[in-house]
Amino acid sequence: MSQQGYVATPPYSQSQPGIGLSPPHHGHYGDPSHATSLPGVMKSPGPLGVAAPGAMLPPLPPGPQQFGQNGAHASSAPGLPPHRFAGPAPVRSVASAYQPSAQPSYPSPMSTPPVVQLGGQLGAMQLDSHAAGYGPQMGAPASYPGGLPAGPARMAGPQPPKQLDPDAVPSPIQVIESDRAARGGQVYVTNTRGQVPPLVTTDCVVQDQGHASPRYIRCTTYCFPSSSDLAKQAQVPLAAVLQPFATPPADETPLYLVNHGENGPVRCNRCKAYMCPFMQFIEGGRRYQCGFCNCVNDVPAFYFQHLDHLGRRLDHYEKPELSLGSYEYVATLDYCRRSKPPSPPAFIFMINVSYSNIKSGLVKLICEELKTVLEWLPREGQEEPSAVRVGFITYHTVLHFFNVKSNLAQPQMMVVTDVGEVFVPLLDGFLVNYQESQSVIHNLLDQIPGMFADSSESEAVFAPVVQAGMEALKAADCPGKLFIFHSSLPTAEAPGKLKNRDDKRLLNTDKEKVLFQPQTSVYESLAKDCVAHGCSVTLFLFPSQYVDVASLGLVPLLTGGTLYKYSNFQMHVDSQQFLRDLRGDIEKKIGFDAIMRVRTSTGFRATDFFGGVFMNNTTDVEMAALDCDKAVTVEFKHDDRLSEDSGALIQCAVLYTTVGGQRRLRIHNLGLSCSSQLADLYKSCETDALVNFFAKSAFKAVLHQPVKVIREILVNQTAHMLACYRKNCASPSAASQLILPDSMKILPVYMNSLLKSCVLLSRPDTPTDERAFQRQLVMTMGVADSQLFFYPQLLPIHTLDVKSTALPAAVRCSESRLSEGGVFLLANGLNMFLWLGVSSPPELIQGIFNVPSLAHVNTDMTQLPAVGSPHSQQLRTVMGIIQRKRPYSMKLTIVKQREQPEAAFRQLLVEDRGLHGGSSYVDFLCCVHKEICQLLS
């Protein structure tokens, strides 16, 4: 990680210092300021015919029965753009004509079978990517202006109803595979401003040559509109998903560390941006112009270097901060709390020893595992041993602190009974070096299960536990992380006491939002205190009934920790999943006591932050910890016009403490293009990042607005973005066609999957805690994780080539892709299902399970048996490859076709109609198309 030996690969075209641009308004929930422009009445910034490639879908014959009562309509006020979630709900819905029934909140035709309806509506669906010849065309009222190249799909008069071929609509699998074919396995060089990176599903090697890797920053579009009017017109959100500690693969260079000693990092005097490739050196190298605010600064004497004939410093390729998009600085004491070096962090393990956890064997399992995982505490570089200190607390209605000082023969326990005002009963001997105190710690972990074996205490506290851990870190003057193992609703008398408020009667009412809100303000204020003291909380939950995840989960969410949930935990079934999660969490790359600032060039600024973040002001994102899996999504807005010459520049700076106790700055820089042509904006969109943004903004909005309204807003916004493209960028074509930009052709299927998520679709069969859990999960997801979560990977295992290590080609998430003679593996990042068709080949069943036929397969198992056959080894390899890239250990469920547990599996076939409401992909396309036609007519 040192600076020595670093040489960038010249030459690369350095992007010029630039001006930033502000994002479009994709409708702000409850913000009337955007009521000015509607994509339906936009003026085109350029000639109509110069379109970016788009996809065209087919014609719907006119008729009143197209969507029945559930028809999609545009905003009731014709000039109003769709709102976007922000703040409390408006009283009336934005799309008043939606009138959803209790279940689906966007049109899902109910009256006739979907096949018949689609046959009538979609005629001969034909996609025409203006460059990519797609297939069919999607119908709409014939009054719509525009001509289309002659063809059978445009015959006069109504067409006979036909069943729509699902292959006619854009396929996510096809998009993923074609990107892999074009860009997979290649070197992606980041030397050009505004270039769109390969998809998150495409493996490639990133070579940093001046802009941050897409592993660290991904944008919803890589070309910002040059004015706020254009942004409002397009309604495409301008946002970036930042994952500052993302783990690069082994074949990529780790970040270089720059150390300027006592001088510290060089930064702009006005805007405080750090030295980066966007700074322009002038006057023979004595001064530089900041690319963000255009201020001219003197170059400090220690940093001076002459310029070459191109005006570039002679040491350009020797300094990471001049030639790379991402790098780290060693921070000086000015960047430390109270201007003194930080202490290395500590991990405190807090185990709930109430009756049920002792009886189930959970406490024994945790204690046994800790003896192993403590050997793997994170280290700084190659240092031995880890500088992280450890401490131990057990609790039920009172707290027990343990002294495990290395010179003790036996651990000592101190009990704190006053849970109203928690204090730390010992300092010396509580937080210790694991290597030095190993024998005392192992002695303690062996004793804990027996120590509480006779306990009959069934209640437990929770907030005082977090308070105790935070106070211990505060007393030791170090940042750190609490690992809390908890299993019940905290009903004992103490701060943060909760009651059961799980009420199914609130579903699909305006009061449903309270189910996602914390029950008491105790947890939010506790989380704020934790952030202020650099205390992150990771919570392992083992609930057998309602535990109010919306309240308890707020603490891990706001402190940069992680929530793991194992409902109805059974030792023999779920222990491996839990142990993998625990090991992974302890070993994660992580920074403590972090502050993040996002700077932009003039013309736009960061306005909204989505994720597990806490903000005391409008600019600083404070995090007790930030690990490799956590992402923050940032939305930008214009505050001036952007220059097409200088582009839009973003710098993300994270100040943090390493596991070795060093204060550092991690810097990521990215330059985007700017254009006054809407076609350029659409051409540079990235669907996966858009869905990440929409999911987080919607999941944030459920705290304030009815789910029904949020769903309508999402449908509206999808239609607005596509209507704007159709009006301003696409070639003239028949009204009956749905035309999609090439970069957004699979946006509808992803948006439909988001609308069917359990957070946005209230179903009585989904536990309230599960909805709160999934909401929290998505709020901190990066783009790769949200892509898999909303569109799961479905692999035909029966086609596996046992001689190859390659994964089989995925198929679309639809029942129509399953076959009775097949075996399919489905993964979404949380769960993994192995689906066995009723006619699965016996030799395949034998090879995987070592039983003679399907009837003999035990569906209770959550791990495949270690059969030595090629099929078994290959399947286990495939599952390992899928699991390796994911932050959560996925629980395996074996499902046989036509047996009851199949329902949970089918719920993840997101292209189909939901079992409990929610449109199929094709129905949703029809709905969006109808909205677009209304916006444009």
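Residues numbered from 1 in each chain as written. Predicted model: local features only at pLDDT ≥ 70, side-chain atom pairs only at ≥ 80, totals over all residues. Heavy atoms only, no water.

Is there a simple way to explain empty space enclosed by the protein in this structure?
To find leftover empty space, one rolls a probe the size of a water molecule over the atoms. Using the criterion set out here, one finds five cavities of 30 Å³ or more in the structure. Each pocket or cavity is described by its volume, and for the largest cavity that value is around 170 Å³. Lining the largest cavity we find 15 residues, and of these Leu777, Met781, Asp785, Pro887 and Tyr888 sit closest to its centre. A per-class count over the lining of the largest cavity returns six nonpolar, four polar and five charged. (1 Å grid on protein atoms, 1.4 Å probe; cavity = no way out; pocket = protein on both sides within 12 Å on 5 of 7 lines; lining within 4 Å. Points joined across faces, edges and corners; volume = space filled by probe spheres on them. Nonpolar A, V, L, I, M, F, W, Y, C, P; charged D, E, K, R; others polar.)

Explain the pairing of strand E27 (residues 632–638) to me, please; I cannot follow it from the model alone.
It is a general feature of regular strands that their side chains alternate between the two faces of the sheet. The buried fraction of E27 is high, at seven of seven residues. Neither face of E27 is left uncovered, since the one carrying Val632, Val634, Phe636 and His638 and the one carrying Thr633, Glu635 and Lys637 both have all their residues buried. With four bridges joining them, strand E10 (residues 239–242) and E27 adopt antiparallel strand pairing. Residue Ala239 lies in a different strand from E27, and its bridge partner there is Glu635. Note that strand E25 (residues 604–610) and E27 share six bridges and pair antiparallel. (Buried < 20%, exposed > 50% of the residue type's maximum accessible area, 1.4 Å probe, protein only. Helix = DSSP H or I, 4+ residues; strand = E, 2+ residues; numbered from the N terminus. Pairing = 2+ DSSP bridges.)

What exactly am I supposed to notice about the packing of helix H14 (residues 687–701) against helix H18 (residues 783–790) here?
For any two helices packed against each other, one specifies the inter-axial angle together with the distance between the axes. Where H14 contacts H18, the axes come no closer than 9 Å and their chain directions differ by 80°. One way to sum up the angle between H14 and H18 is to call them roughly perpendicular. In contact with Asp688, Ala689, Val691, Asn692, Ala695 and Phe699 of H14, H18 contributes Val783, Ser786, Gln787 and Phe790. Counted by class, the contact of H14 with H18 contains six nonpolar, three polar and one charged residues. (Axes fitted to C-alpha atoms, helices over the stretch in contact; angles between N-to-C directions. Parallel < 35°, antiparallel > 145°, perpendicular 65-115°, else oblique. Contact = heavy atoms within 4.5 Å.)

Looking at this structure, I do not really get the pattern of salt bridges. What am I missing?
A pair can form between side chains of opposite charge whenever their charged atoms are brought close. This structure, assessed with the given rule, holds 43 salt bridges. Arg180 is the salt-bridge partner of Glu177, the closest N and O atoms lying 3.1 Å from each other. Of this pair, Glu177 and Arg180 both sit in helix H2 (residues 172–183), three residues apart, which is roughly one turn of that helix. With a relative accessible area of 30%, Glu177 lands in the partly exposed category. The partly exposed category is assigned to Arg180, whose relative accessible area is 32%. (Salt bridge = Lys/Arg side-chain N within 4 Å of Asp/Glu carboxyl O.)

It is not clear to me how the state of the cysteines should be interpreted in this structure. Could you clarify?
Note on terminology: a disulfide is the covalent bond linking the sulfur atoms of two cysteines. Applying the stated criterion across every chain, the model contains zero disulfides. Note on Cys271: no disulfide assigned, nearest cysteine sulfur contributed by Cys290 at a separation of 3.6 Å. We classify Cys271 as partly exposed; its relative accessible area is 23%. Cysteine Cys535 is unpaired, with the sulfur of Cys530 as its nearest cysteine sulfur at 4.0 Å. (Disulfide = S-S within 2.5 Å.)

Honestly, the side chain of Ser920 in this entry has me stumped. Any pointers?
Along the chain, Ser920 falls in the loop between helix H21 (902–906) and helix H22 (921–936). Discounting residues that sit within four places of it in the chain, Ser920 has contacts with Asn752, Lys756, Glu911, Asp912 and Arg913.

Any chance you could explain the pairing of strand E28 (residues 648–657) here in plain terms?
Counting buried positions along E28 gives 10 out of 10 residues, so the element sits mostly inside the fold. Covered by surrounding structure in E28 are Ala648, Ile650, Cys652, Val654 and Tyr656 together with Leu649, Gln651, Ala653, Leu655 and Thr657, the residues of both alternating faces. As judged from the seven bridges shared by strand E24 (residues 590–600) and E28, these two strands associate in the antiparallel manner. Across the sheet, Arg597 pairs through a bridge with Ala653, a residue of E28. The pairing of E28 with strand E29 (residues 663–675) spans 10 bridges and is antiparallel. Paired with Ala653 across the strands is Ile667, a residue of E29. The loop that links E28 with its antiparallel partner E29 comprises five residues; one of these, Gly661, has a positive phi angle of about 90°.

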